[in-house]
Amino acid sequence: MIPGKDTAVGKSETPKEKYGSFALFDFEHFLRRLLKNWYWFAFMFLIGYAISWVYSKYYAQNVYASDLSLSISNSTSSYFSPNQSINFIWGQGGNQDGVYLKKMLFSRSHNEYLVKELSLFVNYSTKGLVKSTYLDKYDSPVFLEIDRKHLQQVNYPITLLPKGNGTYEVVLPEEGHSVSLYSYEAENFHNINAYNRPANKIIRVNEWYNSPNLRFKLVKNPVTPNIKLDNIIINLATINQGVNDIVSTIGVGFDKEINTIMIITKKGYNLNSTVNFLNKSVAELQKKRLEDKNIVNKNTTAYLQGSLDGIRKRLDSAASVLNYLKTSEKLYNIKDRDEKSLERIKDLEAKKADFVSKITSLNNIRNTLQSQNFDKMIATNAAGFEDGMFSASVSELKALYTKRSELAQIYKPASEPMKEVNRLINEAKTSSFNSLKGYYTKYYDEINKIDRQVSDANTDLTSYPEKERKYLDAERGYNMIEATYNSLLNRQNESRLNVATNQSDISVIDPAKNIGQGPVSPNIKMAKAGIIGGMLLLPILFILIGELLDNKIRNIKELLAATKIPLLGVIGNNSSENMLTVLEQPKSSVSEAFRGIRANMRFLMNNEDEKGKVILVTSSVGGEGKTYISINLASVLGLSDKKTILLGMDLRKPKIFGDFKIDNKYGISNYLTGEVNIDQIINHTKIPNLDVATSGPIPPNPSELLMSQRNVKFLQELKEKYDYIIIDSPPVGLVADSYELMKYSDANIYVVRHEYTEKYMMKLVTEKYQNNEIEHLGLIYNDYNTKQGYGYGYGYGYGYGYGYFDEDKNYKEPLLIRIRNKMRIMFNKK
């Protein structure tokens, strides 16, 4: 069904500014373009697959990971591990020892020791035709051992080429030798005088290679490698580079169920290297932790021994006084002694003596902190407490003092780095002393409480005579000193036992092991998918950009929704160069479409049966097929026994005469200027009821001629002679002539060409139509690609493939349609 023209009510329901506005993006056409360009996707898929294959085979560097799990026993954290305080960095948690150990694993001193001990600043690799592969030290047949007293050039590839019989050719780069060399002893750079590039040289194993920028020898690997290498490439790195590379590849986590179990992961380009590093790292950590613990316990034992020596002298003196009172004053057998009160006082004073002893140990720890003599630090259990956070803050303080000494050699006291390290030292000192202050407060509160209890107990002893009270005071003093001595003796025995039975609080559960683990990265599958997906995305992106930039009308539904102008018909593609389709191919689908348009035109005109109906055909610009539509519409009307004349009023660009083989010497332009009469410009065609009046020579003033009164009289005269007058008028997007001619037409046809007419060109004619400045207007959609099928619900293009039209004998259904039909047949089988 052909939609009718909107009524006034319908027009008012839609805002005027919406008319002529098309959607920015046509998703349906975008999908069609994607399907149409399927071969580009196939091509880009092949390209992407090839790139991903080359990448995975020759360029992707596999990263491996090994892990080690260990258990951490609950013990006092060491003062002597170089790490930052977990109190500041990691926050307080339930597993302080584990967090402390984690910081040790990331500490610079620990990893710096490993770099130097394992020579991790020497990196081995080998190069094939395209790809370089990183090697473990033990994959190489020889090790490179540098002279650490000699300046060395770092980040300078040294290539060793095996020459047989334990000889290797040392090949250095053609360029890149530097005068800035690195000292592995001082760990800094020094400049030397300029020198020529060292020549290649063949050396034997254990023979020193000497050059201005290098000094090393090759040491044979005690284990024969499983792989044979054509070349070994060795790069030296600075100690700092080695440490940073290690720290960046270490991962530490804790078991979710047992938080004292730590899992350490190391990533690297070689699996054996990660395994060796983890096992060596943890072994050194165990050794260091045991040494640290023994240092503290030995310091504590020595401190307690000194305290015991002093207490022993006081105990002997108190015993002498007590014995004197017993023998001289005969007070050893006091009558009516209140043994219950005395025993209570003895217990209280023993507790007080213990707290006094703890405060003395606290004083020792505080004084050690103030004097910065950390190597003399005693264990916190000598002061009666276990505090991992305090130990960590002391450790941080020690590390910061060391750092400040290093910075003082480089920076001035007022420099920003020095200010920052001083700020951190003050924070660490404040944290440490605040911890001690809390224990001081606790112990003094206990002592004051004991003193009050002793004072209460002393009220029961006031009834004793003076001599007897003197004896009781001496006995209490002796008991208090004896209690202090026993408390210190117990702590000393505990400290000695710790030294004798001490073991590292780290025990390995599962050591790192090479069990043929696959690489953890890169994810080759994801990389391939990403590369192929990226290549497939390129044509989508180009098509999308083209779609967004494309302003052509391609969708009939969108055209009708935007303009609200009724559609008279859809004309398919004219495959012939001849424009007389209706005459030359009367059984074609295009000819049938023109017959449909002839029938639909009655909806545009009032009193359709009246004679002399004027039908104006126009378009936006040239090339949209208005002349083609005019010729064939006139032809189909003439063939329907209606007397019809076709007027070529596009005076600027005459066309009609060529198709009808008419001489254009005289035409409408001649008539309008008064050169000829009307009979001289009317030409008969082979269709009895169809006449043609061509444009004639191009005049200098076409607009004035078309708007002249003579042209109006010309149309009036033709209306008396013909049933239909078809005007091929100028395009309205270029000149305004057609708008003037529309005042005298009964129906106006606007031609829109598929994938040719610009969307913005429809805005002006749409606004005029909706504002009732143009009436009786209908659209013809021209040059639609029949292979796509119209499919817009209006019934056009039926019959293809069914033998209905002439084109059907050469018609071949599109691939997607054939697939759809076969699937329908398959699923409809009974």
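What counts, and at which threshold
- Residues numbered from 1 in each chain as written.
- Predicted model: local features only at pLDDT ≥ 70, side-chain atom pairs only at ≥ 80, totals over all residues.
- Heavy atoms only, no water.
- Helix = DSSP H or I, 4+ residues; strand = E, 2+ residues; numbered from the N terminus.
- Buried < 20%, exposed > 50% of the residue type's maximum accessible area, 1.4 Å probe, protein only.
- Contact = heavy atoms within 4.5 Å.
- Areas by Shrake-Rupley, 256 points an atom, 1.4 Å probe, with all protein chains shown as cover.
- Pairing = 2+ DSSP bridges.
- Axes fitted to C-alpha atoms, helices over the stretch in contact; angles between N-to-C directions.
- 1 Å grid on protein atoms, 1.4 Å probe; cavity = no way out; pocket = protein on both sides within 12 Å on 5 of 7 lines; lining within 4 Å.
- Points joined across faces, edges and corners; volume = space filled by probe spheres on them.
- Nonpolar A, V, L, I, M, F, W, Y, C, P; charged D, E, K, R; others polar.
- pLDDT = per-residue confidence, 0-100.
- Core = buried A, V, L, I, M, F, W, Y, C linked by side-chain atoms within 4.5 Å.
- Phe/Tyr/Trp six-rings, centres within 6.5 Å; stacked < 30°, edge-to-face > 60°.
- Lys NZ or Arg CZ within 6 Å of the ring centre and 35° of its normal.
- Patch = residues over 30% accessible without salt bridge, like charges linked within 9 Å, V, L, I, M, F, W, Y side chains within 5 Å.
- Salt bridge = Lys/Arg side-chain N within 4 Å of Asp/Glu carboxyl O.
- Expected span 1.5 Å × (residues − 1).
- Parallel < 35°, antiparallel > 145°, perpendicular 65-115°, else oblique.
- Left-handed = near helix turned anticlockwise from the far one by under 90°.
- Arc of directions from axis to C-beta.

When its secondary structure is counted, the protein shows 25 helices and 23 strands. Considering the protein as a whole, with its 830 residues, one finds that 45% of them fall into the buried category. Sequence-distant contacts in the protein: of pairs separated by 6 or more residues, those separated by 24 or more amount to 79%. When the accessible area of the protein is evaluated, it comes to approximately 43100 Å², of which 52% is carbon and sulfur surface.

A sheet is described by the order of its strands in space; here six strands give the open sequence β3-β2-β12-β5-β6-β9, paired in antiparallel fashion. Because the sheet does not close on itself, it has two edges, and the strands there are β3 (132–135) and β9 (201–204). With strand direction ignored, the average angle separating the axes of adjacent strands in the sheet is 35°. Looking at chain direction, strand β2 (residues 122–127) and β3 are connected through four bridges and run antiparallel. Within the sheet, the bridge partner assigned to lysine 127 lies in β3 and is serine 132.

Moving on to the sheet that holds strand β19 (residues 682–684). In spatial order, the strands read β16-β23-β22-β17-β21-β18-β20-β19; together these eight strands make up an open sheet with mixed pairing. Single-partner strands in this sheet number two, and they are β16 (567–572) and β19. For this sheet, the mean inter-axis angle between neighbouring strands, taken without regard to orientation, is 25°. With respect to the sheet, helix α14 (residues 556–563) is in contact with β16, β22 (747–753) and β23 (777–784), its orientation differing from that of β23 by roughly 160°. Taken strand by strand, helix α17 (residues 626–639) contacts β16, β17 (613–619), β18 (644–648), β20 (690–693), β21 (724–728), β22 and β23, and its axis lies near 170° from that of β21.

As a further point, take empty space enclosed by the protein. Enumeration according to the criterion identifies five cavities of 30 Å³ or more in this entry. If you add up the space inside the largest cavity, you get close to 70 Å³. Together, Leu24, Phe25, Asp26, His29, Glu547, Asp550, Lys552, Arg554, Glu558 and Lys759 line the largest cavity. The residue inventory of the lining of the largest cavity, partitioned by class, reads two nonpolar, one polar and seven charged.

Let us look at the confidence of the model for the protein. Mean pLDDT over the protein works out to 81, with 84% of the residues at or above the 70 mark. Predicted confidence for residues 3–16 stays below pLDDT 50, and this span has 21 contacts to residues more than four positions away or in other chains. Counted against residues more than four places away or in other chains, residues 789–804, with its pLDDT under 50, gives 36 contacts.

Here we come to the nonpolar core. Formed by 50 residues in total, the largest nonpolar core has its most connected members in Leu70, Leu144, Ile158, Leu160, Phe216 and Ile264. Looking at this core element by element, the count peaks at five residues for helix α8 (residues 271–328). Residues in contact with isoleucine 264, not counting those within four places in the same chain, are Ser66, Asp67, Leu68, Leu70, Leu105, Ile250, Gly251, Val252, Leu278 and Val282. Among the nonpolar cores identified, the runner-up in size contains 45 residues, and Phe22, Ile556, Ile725 and Val752 belong to it.

All right, on to the packing of aromatic side chains then. With the rule as written, the count across this model stands at 15 aromatic pairs. Summarising the aromatic geometry, the rings of tyrosine 671 and phenylalanine 714 are spaced 4.8 Å apart at their centres and angled 45° between planes, so their arrangement reads as tilted. Of this pair, tyrosine 671 sits in helix α19 (residues 668–672) while phenylalanine 714 is found in helix α22 (residues 709–721), placing the two residues 43 residues apart along the sequence. Classification of phenylalanine 714 as buried rests on a relative accessible area of 0%. An aromatic cluster is defined as three or more aromatic residues linked by ring pairs; in this entry it consists of Trp38, Tyr39, Trp40 and Phe43. One residue, lysine 137, lies across the ring of phenylalanine 143, its end atom 4.7 Å from the ring centre. The ring centre of tyrosine 756 lies 4.9 Å from the NZ or CZ of arginine 753, which sits over that ring.

Attention now moves to a nonpolar patch on the surface. A cluster of nonpolar side chains, namely Phe45, Leu46, Tyr49, Trp53, Val54, Tyr59, Leu129 and Val130, defines an oily patch on the protein surface of about 870 Å² accessible area. Within the secondary structure layout, tryptophan 53 lies in helix α3 (residues 38–59).

Bringing unusual backbone geometry into the picture now. In the segment running from serine 521 into proline 522, the intervening peptide bond is cis, with an omega of -5°. Following the sequence through the fold, proline 522 ends up in the loop between β15 (506–510) and α13 (524–549). A positive phi angle, near 70°, is found at aspartate 641, a position not held by glycine. Tracing the backbone shows aspartate 641 in the loop between α17 and β18. Non-glycine residue asparagine 772 carries a positive phi angle of around 65°. Tracing the backbone through its elements, the reader meets asparagine 772 in the loop between α24 (762–770) and β23.

This paragraph deals with helix α16 (residues 589–600). For α16, which comprises twelve residues, the first-to-last C-alpha distance of 16 Å matches the rise-based estimate of 16 Å (1.5 Å per residue) to within 8%. Looking only at α16, the buried set comprises Ser589, Val590, Ser591, Ala593, Phe594, Ile597 and Asn600. In this structure, the buried side of α16 is in contact with β16, α15 (581–584), α17 and β23.

With that settled, consider the packing of helix α2 (residues 27–36) against α13. For any two helices packed against each other, one specifies the crossing angle of their axes together with the interaxial distance. Between α2 and α13, the shortest axis-to-axis distance is 10 Å and the interhelical angle comes to 140°. In this view, α2 runs oblique relative to α13, as classed from their interaxial angle. Once α2 is placed against α13, the crossing between them reads as right-handed. On the side of α2, the interface is formed by His29, Phe30, Arg33 and Leu34, while α13 contributes Ile540, Ile543, Leu544, Gly546 and Glu547. When its residues are assigned to classes, the contact of α2 with α13 shows five nonpolar, two polar and two charged.

We now examine α24. Each full turn of the α-helix corresponds to 3.6 residues, which orients residues three or four apart in the same direction. Within α24 the residues assigned to the buried category are Met762, Val765, Thr766, Tyr769 and Gln770. Angular distribution of buried residues about the axis of α24 spans 130°; they occupy a single face of the element. Within two residues after α24, asparagine 772 carries a phi angle of roughly 65°, on the positive side.

Moving on to the pattern of salt bridges. For the coordinates displayed, the defined rule picks out 24 salt bridges. Ionic pairing is found between lysine 116 and glutamate 187, a salt bridge with its closest N-O pair at 2.7 Å. With lysine 116 in helix α6 (residues 108–117) and glutamate 187 in the loop between β7 (180–183) and β8 (188–191), this residue pair connects regions lying 71 residues apart in the sequence. Three or more residues joined by partner-sharing salt bridges are found here, namely Arg108, Glu112, Lys116 and Glu187.

The buried fraction of β23 amounts to eight of the eight residues, a majority that puts the element mostly inside the structure. Here β16 pairs with β23 via four bridges, running parallel. Bridging across to β23, glycine 569 finds its partner in isoleucine 780. With six bridges joining them, β22 and β23 adopt parallel strand pairing. Bridge pairing links valine 752 to tyrosine 781 in β23.

Attention now moves to the environment of threonine 301. One can find threonine 301 in helix α8. Threonine 301 gets classed as buried once you look at its relative accessible area, which sits at 14%. Remark: the alpha-carbon pair of threonine 301 and leucine 489, spanning 188 residues in sequence, is separated by 9.9 Å.

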